[in-house]
Amino acid sequence: MVLQNELDTKPILNTKLIKDRLNILSKEENISKWDIGASSSNDVSVQVYKAEAKQLKASQRSSVTLRVWNENEMIGITSTSDLSEKGLKKALISAKAASYYANENERPNFSPLSKSDIKVKARSPIKEFGVKKLYERLKQAESDLINKHKAIIDVPYNGFSEVNYERIYVNSDGAERYLNNTQSTLYLYAKAQEVNRKPRSSGSIKIAYSSNEIDIEKCIEEAAMRTISHLDYKPIKTNKYLICFKPEAFLDLIDSFSNLFNARSILDGVSLSNKDSIGKKLSSTLLNLNDNGLHKSNIGSYEFDGEGTPTQDICIIENGKLKNFIHSEATAKQFGVLPTGHAGLGAKVSVSTDWLVISRSKNGELSNNKLDHKNSNEEFVLIENLNALHAGIKPSQGSFSLPFDGWHVKNGIKRSIESATVAGDIRAVLKGIIDIEEKQIETHSGVSPHVWVEELSITGE
Amino acid sequence: MLNLDPLSIGKNKFEGLKNLRDYGETKQTHFNKIPLLNEVTERILKGTSLLKEKGNKIEVRRGTYSRSNQEVIVASSDGTFGRDLRLYQSIGLNALAIDKEYRSSIGRRYGSSSNPDQISEWNIESSVDEIIDSANNMLYANFVEAGQMPAVLANKFGGVIFHEACGHLLETTQIERGTSPFQDKLNQKIANSAVTAIDEGLTENAFGSLSMDDEGMPTQKTVLIKEGFLKRFISDRAGEIRTGNKRTGSGRRQNYAFPAASRMRNTYIEKGNYAPSELIATIDKGIYCKSMGGGSVGATGQFNFSVEEAYLIEKGKLTTPVKGATLIGEAKEILPKISMCANDLDLAAGYCGSVSGNINVTVGQPHIKVDSITIGGR
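Notes on the structure in this doc start here. Only a predicted model underlies this, so the values are computations on that prediction, with no experimental measurement involved.

Topic: the overall build of chain A
Part 1: Looking only at helices and strands, chain A features 10 helices and 23 strands.
Part 2: Its C-alpha atoms put chain A at 75 × 55 × 35 Å along the principal axes.
Part 3: Counting contacts in chain A only where the partners sit at least 6 residues apart, residues at least 24 apart contribute 71% of the total.
Part 4: Of the accessible surface of chain A, which amounts to about 19,900 Å², a share of 47% is contributed by carbon and sulfur atoms.
Part 5: Between the mean site of the 60 positive side-chain charges and the mean site of the 59 negative ones, chain A shows a separation of 2 Å.

Re the sheet that holds strand β3 (residues 75-80) of chain A
All names here are of chain A.
Part 1: If you trace the six strands from one edge of the open sheet to the other, you get β3-β2-β1-β4-β5-β6, paired in antiparallel fashion. A strand with exactly one partner marks an edge of an open sheet, and here the two such strands are β3 and β6 (200-208). Between one strand and the next, the sheet's axes are offset by a mean angle of 15°, whatever the strand orientation.
Part 2: Alignment of strand β1 (residues 33-49) against strand β4 (residues 152-171), held across 12 bridges, turns out to be antiparallel. Within β4, the position partnered with Val44 by the bridge is Glu162.
Part 3: Across the face of the sheet, helix α2 (residues 15-28) comes into contact with β1, β2 (52-69), β4 and β5 (176-192) while running at roughly 135° to β1.
Part 4: Against the sheet, helix α5 (residues 216-228) touches β4, β5 and β6, its axis set at about 155° to β6.

A closer look at the sheet that holds strand β8 (residues 221-226) of chain B
All names here are of chain B.
Part 1: Overall, mixed pairing links the six strands, which are arranged β9-β8-β7-β12-β19-β18 in an open sheet. Both edges of this open sheet fall to β9 (229-230) and β18 (346-354), since each of them pairs with a single strand only.
Part 2: Across three bridges, the pairing between strand β12 (residues 266-269) and strand β19 (residues 357-365) is parallel. In the strand pairing of β19, Thr267 is matched with Val363.

Topic: the packing of aromatic side chains
All names here are of chain A.
Part 1: If you walk through the whole model with that rule in mind, you get 12 aromatic pairs over all chains.
Part 2: Each ring, one from Phe129 and one from Phe160, has its centre 6.1 Å from the other, and the planes form 75°; the classification is edge-to-face. With Phe129 in the loop between α3 (85-99) and α4 (130-146) and Phe160 in strand β4, the pair connects residues that are 31 residues apart, well separated along the chain. There is no split in this pair, since Phe129 and Phe160 are both buried.
Part 3: Positioned over the ring face of Tyr302 is Arg167, at 4.0 Å from the centre of the ring.

About the cut-offs
Residues numbered from 1 in each chain as written. Chains lettered and ligands numbered in written order. Predicted model: local features only at pLDDT ≥ 70, side-chain atom pairs only at ≥ 80, totals over all residues. Heavy atoms only, no water. Helix = DSSP H or I, 4+ residues; strand = E, 2+ residues; numbered from the N terminus. Contact = heavy atoms within 4.5 Å. Areas by Shrake-Rupley, 256 points an atom, 1.4 Å probe, with all protein chains shown as cover. Lys, Arg positive; Asp, Glu negative; His and termini not counted. Charge placed at Lys NZ, Arg CZ, Asp CG, Glu CD. Pairing = 2+ DSSP bridges. Axes fitted to C-alpha atoms, helices over the stretch in contact; angles between N-to-C directions. Phe/Tyr/Trp six-rings, centres within 6.5 Å; stacked < 30°, edge-to-face > 60°. Buried < 20%, exposed > 50% of the residue type's maximum accessible area, 1.4 Å probe, protein only. Lys NZ or Arg CZ within 6 Å of the ring centre and 35° of its normal.

Have a look at this one:
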């Protein structure tokens, strides 16, 4: 019997079928303890260029991570994309073989919360656009965006996609989790150029549960407005400036240094925090930081993590003090706490953030007059996007040096910055927060207000 | 509907597949020679043990090994029928040195293709010594001062700048999008006469070498820039159809889930006639970038690269180590400023992520001198 054939009917990931199959196969291999995390997705995506189809793509992907404990309680892990009976059997055998090379000091177990009650959102099927409609809408969006301004010459980076996906977690102790979801994404990045001036680029992303819910007009408007706003650019003098981070930029920066509150990083020795950092001051008292994977703005939310632990709203920083780390089962055990729902199954169980939510603490002390990026007479640099995060961040050292898109604001006048880099140390940034604006903005990667930082180095001309 | 104009390929009637070109036939034995996983583990553990033994400030050590076997078959309606077996191996060592509030992190990667013996040929002691030396030098380094200055970029992974800042802009994927400043510069001078740049897939055992590309075309040596003049673009099948630039055996993809695109293979600047010390001797005040971190290129051609290990150049000599340096610029402005190339071309393995997924590549260059570049710092 081939499991893949049975799984061809929807849903692709049938937890009961996989559980039954693994129970049989594991007995055949003398394996008494195992767990499996799997995901499967169907996606369709289109890209266009100058009213032509650039790429039309459809794919079905499955990914399975299987863990096996041997008789010495040591763990072996195998990943595969083969959901057939043969594939699962091979994965079981490989994982068992790998378990004999496991690190004796690392003995993950099932999450104690893998069988706790959770409420998985019931998601009814949505009507998909399909490739033809996605292509037509994107082609129209490209044309509309180019027509927004004479300087917009093309939209070199664009895409419209829709995906439906499923995720499961099952273990030999009886845990059984399943969720499914849908997501549609539209992105438009335009290029604009005026005579004898350099090309400028910016764009917008919109994410929703279905293509019907994507606000295409708003995406076009935002992409045009942002791109045009950078046409009038000027170099900036290398110096130290008062900085205002827009929500997307600050979220990117914090997430890049999530090793500060990631228990896995602490145990691996690559965090700037340590086991005793809880309760210590990490930032200005103005900052509150939560990780809430189930926040309403998180379209791609999961109700449970790779180990079956329920996703939770974890307070990480409150009034500037570190309150909690984020954990997998193994790190939580070492810290004597419960897992927080941040585990990802892989060759090693990883720990990562879900959906950061930043807010202004009610009890924070302002060290300056209240700042407002729209109505400030201060001279400051408004950072819209940080780029090259993979290259310019040194998480284990705390330092960063990143190119950015933004504006130099002086006497209330905004001027796009030609090309510049912002550099500093994350600890100094967090402690140097002098104001956080009231209004929280929901972005495609988290929630944050505008955040003001006292002084950072800008390299321009 | 696509309105593509087939220039030389793509519209002929399908008349069946040609005879199979089997590049994998001679490589079957590679797989019998691959070391067992426990042998590899022991070698990697020896490396991390040596880091601990020799580096008294090294607090965190990590060794990694990855091996990828790929069997590729390409069959297409233009008659192409090819098969290849690909073996890639890479070894990485990373170290984090800590002393009170001071920290430095250094990593090195060694990679090969079609070389089952790589792990046994790897000189562990020399790799460990190099990493410890760099980590110790950078541990107490001061932050570099931002500004414009001349720079000497070391060989091997220094070539990542050319790869990112120029190489990607020579791919037909960029030409199609109109995002390359070089799209209308064929046979024009875009770089200093000192610069000759190559992209090829032929160097034996290099990480970016291939017998055939992912569209079944044998790879070749492609001269991109000859003594400053732009000579060729890096082209795949769709790139040829869309831009008219002949294919160069550069259609590559991570696996079958991605459509192939024009991608680099082993990309490097050719060696010149100078000793590396001669480049440094010409600079009164500048920076020597010994080891590069990663980097990126923006949609309009600006690049930004972090420098992992750097030293000040003062009066023609290397002096103090500095950290936090970032190289910032635009390819079309920097290429004319590469005024000297040394005689020590060397290659380094890396991974490149782009439209057709993550692929193995090699970057490289000799030591080069850039007359002036923006250094981001504090």
